[in-house]
Amino acid sequence: MADDPRSAQIEYVSESEAIGARKVGAQAGSKSSGLWIRVSVSLPFALSSLSEAQLDISARSLFIRAPGGGGELSVALPEGCILDVELCQARYSRKRGVLAVTSPGEPPTSWSGPLSIEVSIGQAGADESGDSNVVLQPTQAESGVSHILQ
């Protein structure tokens, strides 16, 4: 799990580990191959629940903004790691302060195990010219789909 708010952990797990054994049986016949990508990141800000934040999920990135200008975080996935925006699920652990996004997906052929990648952290509403750490909200994903949960 990513304990450092400047990094995210990417790993491929079984479908039952990603969404729970009971839900796997209920989703029999889904287009999943059995492997799911899980992107876990410790948020540098506290949330009471995920529903109070703005979360954008695209095929190649995640973006989350805390309410009231409390900060924002962006994760760009490495080449070959792709989220299925139609089937992905997001969960937030308030106790650990960790956002986990899971999606059906196959690892790239060069995959060698869990991977930690750097994330971008910024202040919501910061001016691009005044802060070198500003994160701009992604507009359209490669797949052309972006989900916003509020």
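Report follows, based on the coordinates. Predicted model only: the values in this text are computed from it and were never measured. (Residues numbered from 1 in each chain as written. Predicted model: local features only at pLDDT ≥ 70, side-chain atom pairs only at ≥ 80, totals over all residues. Heavy atoms only, no water.)

1. So, the pairing of strand β6 (residues 89–93)
- The pairing of β6 with strand β7 (residues 98–104) spans 5 bridges and is classified as antiparallel. Pairing of Gln-89 across the sheet is with Thr-102, part of β7.
- Hairpin connection of β6 to β7: 4 residues between the antiparallel strands, including Gly-97 at a positive phi of 70°. (Pairing = 2+ DSSP bridges. Helix = DSSP H or I, 4+ residues; strand = E, 2+ residues; numbered from the N terminus.)

2. What about the packing of aromatic side chains?
- Tallied over the full model, the rule gives 1 aromatic pair.
- Ring plane angle 85° and centroid distance 4.9 Å describe the contact between Tyr-12 and Trp-111, whose orientation is recorded as edge-to-face. In this pair, Tyr-12 sits in strand β1 (residues 7–14) while Trp-111 sits in the loop between β7 and β8 (115–118), placing the two residues 99 residues apart along the sequence.
- According to the relative accessible area criterion, Tyr-12 is buried, its value standing at 14%. (Phe/Tyr/Trp six-rings, centres within 6.5 Å; stacked < 30°, edge-to-face > 60°. Buried < 20%, exposed > 50% of the residue type's maximum accessible area, 1.4 Å probe, protein only.)

3. Structural notes on the pattern of salt bridges
- Per the stated rule, a full pass over the model turns up 4 salt bridges.
- Here Arg-38 ties to Glu-11 by a salt bridge, and the two come within 3.1 Å at their closest N and O atoms. In this pair, Arg-38 is assigned in strand β2 (residues 35–42) and Glu-11 in strand β1, connecting sequence segments 27 residues apart.
- Given the relative accessible area of 14%, Arg-38 is considered buried.
- With its nearest N and O atoms 2.9 Å apart, the salt bridge here joins Glu-72 to Arg-65.
- For Arg-65, a relative accessible area of 22% gives the class partly exposed.
- Sharing partners across several salt bridges, the network here consists of Glu-11, Glu-17 and Arg-38. (Salt bridge = Lys/Arg side-chain N within 4 Å of Asp/Glu carboxyl O.)

Fair warning: the whole summary comes from geometry, so function is off the table for now.
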